Amino acid sequence: MPVAMLFGTAVYLLFAFVPALDGVGETLEPFFDDILPLFMFLILFITFCKVDFHAMRPVGWHLWVGIFQVLFVLIISASIIVFHIIGDNLILLEALLTCIIGPCAAAAAVVTAKLGGSLEQMTTYTFLSNFITAILVPVCFPLIDRSVHLDFWPAFWLILYKVCLVLVLPMLLAYIVKHRMLRFHRWVIGVKDLSFYLWAVSLAMVTGVTLRNIVHAETSVGFLLVIAAMALLLCLIQFAVGRYVGHFFNRTQEAGQALGQKNTAFAIWIAYMYLNPLSSVGPGCYILWQNCVNSIELWQHRKSAE
């Protein structure tokens, strides 16, 4: 994972600061924008091929992790409303809010499986957290920003539509393959860590795109550093709270990933669509921090297994 992030950074810097590659970068940009969803689809399809669908059901830690997500969202939203936050402070809080209100990352199941956690419980919570987000976004965003004209039901169905494309479709395909195409299914699950390495490739691309967005953000370097620092603090808090909840259910890894690892692509989308576009820098930084945490967790897990 660190290699993937460094590679993505190096490729971005290469295209950004070598004038001869300007035309190539502009040509490839739409290609990478289109291929990222395909990578995520393949990652989830391969992951769902390993899921025991009969074991997918809500459990106790799902409720408490969901409660803490809602609580954090209410704290940020109430702070904006009660204290009449405006200007850069509003952008900063909106950046943090998108990192909280975003659903659990679909790739969290991949990391959890590598850490020895329950793939089925993580997959179940991924769906539940998307429904929580679909409810919170159209309720909270019009309250914190009066310029947002957001009707509940259109926004709710739009988010659910995106959930279906990202989660439901690969799951249905995986279910069909698992029960009807047995030889192909055995081949898919027989390739060791295939979904993890596909995720590493997508992480390299996402890192490059994230750096591009940060570099081209129209604000001061100091304010960008403040957003990055607050995103780091929030990332550590969410992972820590999730792990704290999980230890009551003997599911520390699962609950930590569920609350800490966010679908930052979705968070960036809602920031661009409904809030100040500059707030998208928050989830852009968050994706780097959460993958640093994931890297440390995977290193510790591998070291303890030796």
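Going by the structure above, here's the rest.
Here is a short report on the structure shown in this document.

Rules behind the numbers
- Numbering of residues starts from 1 in every chain and runs along the sequence as written.
- Restriction of local features to residues with pLDDT of at least 70 applies here, the model being predicted, together with a cutoff of 80 or more for giving and counting side-chain atom pairs; totals for whole chains, interfaces and linings are based on all residues.
- The basis for every side-chain value is the complete set of heavy atoms in the structure, and neither hydrogens nor water enter the calculation.
- Secondary structure elements follow DSSP: runs of H or I no shorter than four residues count as helices, runs of E no shorter than two count as strands, and numbering proceeds from the N terminus.
- Each axis is a line fitted through C-alpha atoms, taken for helices only over the stretch in contact, and angles between the N-to-C directions span 0 to 180 degrees.
- Here the word oblique covers every angle except those under 35 degrees (roughly parallel), over 145 (roughly antiparallel) and from 65 to 115 (roughly perpendicular).
- Note on convention: the crossing is left-handed when the near helix lies turned anticlockwise from the far helix by less than a right angle, right-handed when the turn is clockwise.
- Contacts were defined at the residue level, with two residues in contact if any of their heavy atoms lie within 4.5 Å.
- Under the convention adopted here, Pro, Cys and the residues Ala, Val, Leu, Ile, Met, Phe, Trp and Tyr are nonpolar, Asp, Glu, Lys and Arg are charged, and Gly plus all remaining residues are polar.
- Grouping buried Ala, Val, Leu, Ile, Met, Phe, Trp, Tyr and Cys residues that are joined through side-chain atoms within 4.5 Å yields what is termed a nonpolar core.
- Only protein chains enter the accessibility calculation, which uses a 1.4 Å probe; a residue whose area is less than 20% of its type maximum is buried, one above 50% is exposed, and one in between is partly exposed.
- Salt bridge, as applied in this entry: a Lys or Arg side-chain nitrogen positioned within 4 Å of an Asp or Glu carboxyl oxygen.
- Two aromatic rings from Phe, Tyr or Trp, using only the six-membered ring of Trp, form a pair when their centres are within 6.5 Å; if the ring planes differ by under 30 degrees the pair is stacked, by over 60 it is edge-to-face, and anything between is tilted.
- Two N or O atoms form a polar contact when they lie within 3.5 Å of each other; inside protein one atom must be a possible hydrogen donor and the other a possible acceptor, and for residues adjacent in sequence the pair counts only when both atoms belong to side chains.

Positive phi outside glycine occurs at His84, with the angle close to 50 degrees. Along the chain, His84 falls in the loop between α3 (60–82) and α4 (87–101).

Taken N-terminus to C-terminus, the directions of helix α6 (residues 119–144) and helix α12 (residues 264–274) make an angle of 25 degrees; their axes are 13 Å apart at the nearest point. As judged from the angle between their axes, α6 and α12 are roughly parallel. The way α6 lies across α12 gives a crossing that is right-handed. On the side of α6, the interface is formed by Thr133, Val137 and Phe141, while α12 contributes Phe266, Ile270 and Tyr274. Classifying every residue of the contact of α6 with α12 gives 5 nonpolar, 1 polar and no charged.

Once that is clear, we can look at the nonpolar core. In this structure, Phe48, Val65 and Phe141 are the most contacted members of the largest nonpolar core, which totals 72 residues. Listed in part, the 13 residues of the second largest apolar core include Ala95, Ile214, Val281 and Cys285.

Evaluation of the coordinates by the stated rule reveals 2 salt bridges. For the salt bridge of Arg243 with Glu297, the shortest nitrogen-to-oxygen distance reads 3.5 Å. Of this pair, Arg243 sits in helix α10 (residues 221–247) while Glu297 sits in helix α13 (residues 281–305); the two residues are 54 residues apart in sequence, bridging distant segments of the chain. What makes Glu297 buried here is its relative accessible area of 9%. A salt bridge links Arg251 to Glu254, with the shortest nitrogen-to-oxygen separation between them at 2.8 Å.

Another aspect to go through is the environment of Val245. By secondary structure assignment, the location of Val245 is in helix α10. The spacing of Val245 and Phe68 is 177 residues in sequence and 9.3 Å in space, taken between C-alpha atoms. Sequence-distant contacts of Val245, that is, excluding residues within four places in its chain, are made with Trp61, Trp64, Val65 and Phe68.

For the rest of this paragraph, the subject is the packing of aromatic side chains. A full pass over the atoms with the stated rule returns 9 aromatic pairs. Summarising the aromatic geometry, the rings of Trp61 and Tyr125 are spaced 5.6 Å apart at their centres and angled 40 degrees between planes, so their arrangement reads as tilted. Within this pair, whereas Trp61 is found in helix α3, its partner Tyr125 is found in helix α6, the two being separated by 64 residues in sequence. The two residues Trp61 and Tyr125 agree in class, both being buried.

Tracing the sequence through the fold places Asn130 in helix α6. In terms of polar contacts, Asn130 uses its side chain to reach the backbone carbonyl oxygen of Thr126, at 2.6 Å.

For Ala229, the position within the fold is in helix α10. Residue classification places Ala229 among the partly exposed residues on the basis of a relative accessible area of 44%. Separated by 55 residues in sequence, Ala229 and Gly284 place their C-alpha atoms 12 Å apart.

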